[in-house]
Amino acid sequence: MIDNQLAVVYNHSAKSNTADLDVRKKQIETMLSKIIYDSFSNQMKNSIGFIVDFKTSSDVIVNYIFRSSNAKDFQDYNQTLINMLSRVNEISKNNIDFGRELEFDRDINFESKFCEKFGNKLLNVINIDFHWNIFFKILFEIELGSNAEDFERFIQYMEYRFYNNEGFCQLNDNFTKEESEYIKCEMLNIIANAFGKATSISFIYEKNICKINNVIEEMVFMLCKNIISFEKWEKEKDVYEQMILNKILLEVDE
């Protein structure tokens, strides 16, 4: 079965006339996402009798898998693909109960305020919102750690996606390293607060992560243009924080 799936991916890539590695990597991600969707949708049909569309969630999981595995060159992508195909084929032999609640073997540990806010909101909806429940059922099946470990890693990954926004580099022009880090963490908390108000799984779709990062970059540019001291930031931060929150909620597509 793995050989057949690899042949499909290889033939699909071979038909592409592009030598652009990024395009070929995207093709691999697209194909793996489809394989995961097809495999788990069959499991879902057998478990609860119908299929809920989770194609975009499958894309998020694949994106997470490749980024968290530090796959950089094409060889890394191929190896990650082989590992994932092997894992998905193992899972296909199991019976997954899509109607059960998700459980954790221990309390979740959070490494930052962002992780705590973002993670606790997820814990509140993980067994209430069917889309979130499906997302983490699939992720927990694919990942080899405990549910608690897998959940913690995913929350850290979400923080990483926002923390590494290149726009934050502008803060260093106006503030000290410690002040810049403080402001950055406050902006991450705003993102977590926005998620607390939205909670839809669409919040973590790639297009929305990009939109949120664009909002942060624009607001950091505006902040650095108008505020030249940490004392002034402390006086005016409430206005900026509310502005950022509103803009994120307007930009994120449901």
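Residues numbered from 1 in each chain as written. Predicted model: local features only at pLDDT ≥ 70, side-chain atom pairs only at ≥ 80, totals over all residues. Heavy atoms only, no water.

Asker: What is the right way to read the overall build of the protein from this model?
Answerer: Counting its regular elements, the protein contains ten helices and zero strands. Written out in order from the N terminus, the α and β elements of the protein read α-α-α-α-α-α-α-α-α-α. Along the first, second and third principal axes, the C-alpha atoms of the protein reach 60 × 45 × 30 Å. With 254 residues in all, the protein has 47% of them scored as buried. Sequence-distant contacts, at least 24 apart, represent 75% of the contacts inside the protein between residues at least 6 apart. The distance from the centre of the 29 positive side-chain charges to the centre of the 41 negative ones in the protein is 4 Å. (Helix = DSSP H or I, 4+ residues; strand = E, 2+ residues; numbered from the N terminus. Buried < 20%, exposed > 50% of the residue type's maximum accessible area, 1.4 Å probe, protein only. Contact = heavy atoms within 4.5 Å. Lys, Arg positive; Asp, Glu negative; His and termini not counted. Charge placed at Lys NZ, Arg CZ, Asp CG, Glu CD.)

Asker: Got a minute to help me understand a nonpolar patch on the surface in this structure?
Answerer: Judged by side-chain polarity, Met222, Val239 and Met243 come together as a nonpolar surface patch covering roughly 240 Å² of accessible area. By the element assignment, methionine 222 lies in helix α9 (residues 206-226). (Patch = residues over 30% accessible without salt bridge, like charges linked within 9 Å, V, L, I, M, F, W, Y side chains within 5 Å. Areas by Shrake-Rupley, 256 points an atom, 1.4 Å probe, with all protein chains shown as cover. Salt bridge = Lys/Arg side-chain N within 4 Å of Asp/Glu carboxyl O.)

Asker: It is not clear to me how the packing of aromatic side chains should be interpreted in this structure. Could you clarify?
Answerer: The description of an aromatic ring pair rests on the distance of the ring centres and on the angle between the ring planes. Within the structure shown, the criterion is met by 21 aromatic pairs. A ring pair is formed by tyrosine 37 and phenylalanine 54, whose centres lie 4.5 Å apart and whose planes are at 45°; its orientation type is tilted. With tyrosine 37 in helix α2 (residues 21-48) and phenylalanine 54 in the loop between α2 and α3 (55-68), this residue pair connects regions lying 17 residues apart in the sequence. There is no split in this pair, since tyrosine 37 and phenylalanine 54 are both buried. For lysine 184, the ring lying beneath its charged end belongs to tyrosine 163, and the centroid distance is 4.0 Å. (Phe/Tyr/Trp six-rings, centres within 6.5 Å; stacked < 30°, edge-to-face > 60°. Lys NZ or Arg CZ within 6 Å of the ring centre and 35° of its normal.)

Asker: I keep staring at the side chain of lysine 237 and nothing clicks. Help me out?
Answerer: Here lysine 237 is to be found in helix α10 (residues 230-251). For lysine 237, a relative accessible area of 15% translates into the label buried. In this structure, lysine 237 is in contact with Tyr182 and Glu186, ignoring residues within four places of it in sequence.

Asker: Would you take a moment to explain the environment of aspartate 150 for this structure?
Answerer: Position of aspartate 150 among the secondary structure elements: in helix α7 (residues 147-163). Taking the C-alpha atoms as reference points, aspartate 150 and valine 23, 127 residues apart in sequence, are found 29 Å from one another. When near neighbours in sequence (up to four residues on either side) are disregarded, aspartate 150 contacts Tyr64, Phe140, Glu143 and Gly145. Polar contacts involving the side chain of aspartate 150 include one to the side chain of arginine 153, which spans 2.5 Å. (Polar contact = N/O pair within 3.5 Å; in protein donor to acceptor, adjacent residues only side chain to side chain.)

Asker: For this particular structure, what's the right way to read the side chain of asparagine 208?
Answerer: Tracing the sequence through the fold places asparagine 208 in helix α9. If we skip the residues at most four places from it in the chain, asparagine 208 touches Ser202, Phe203, Glu251, Val252 and Asp253.

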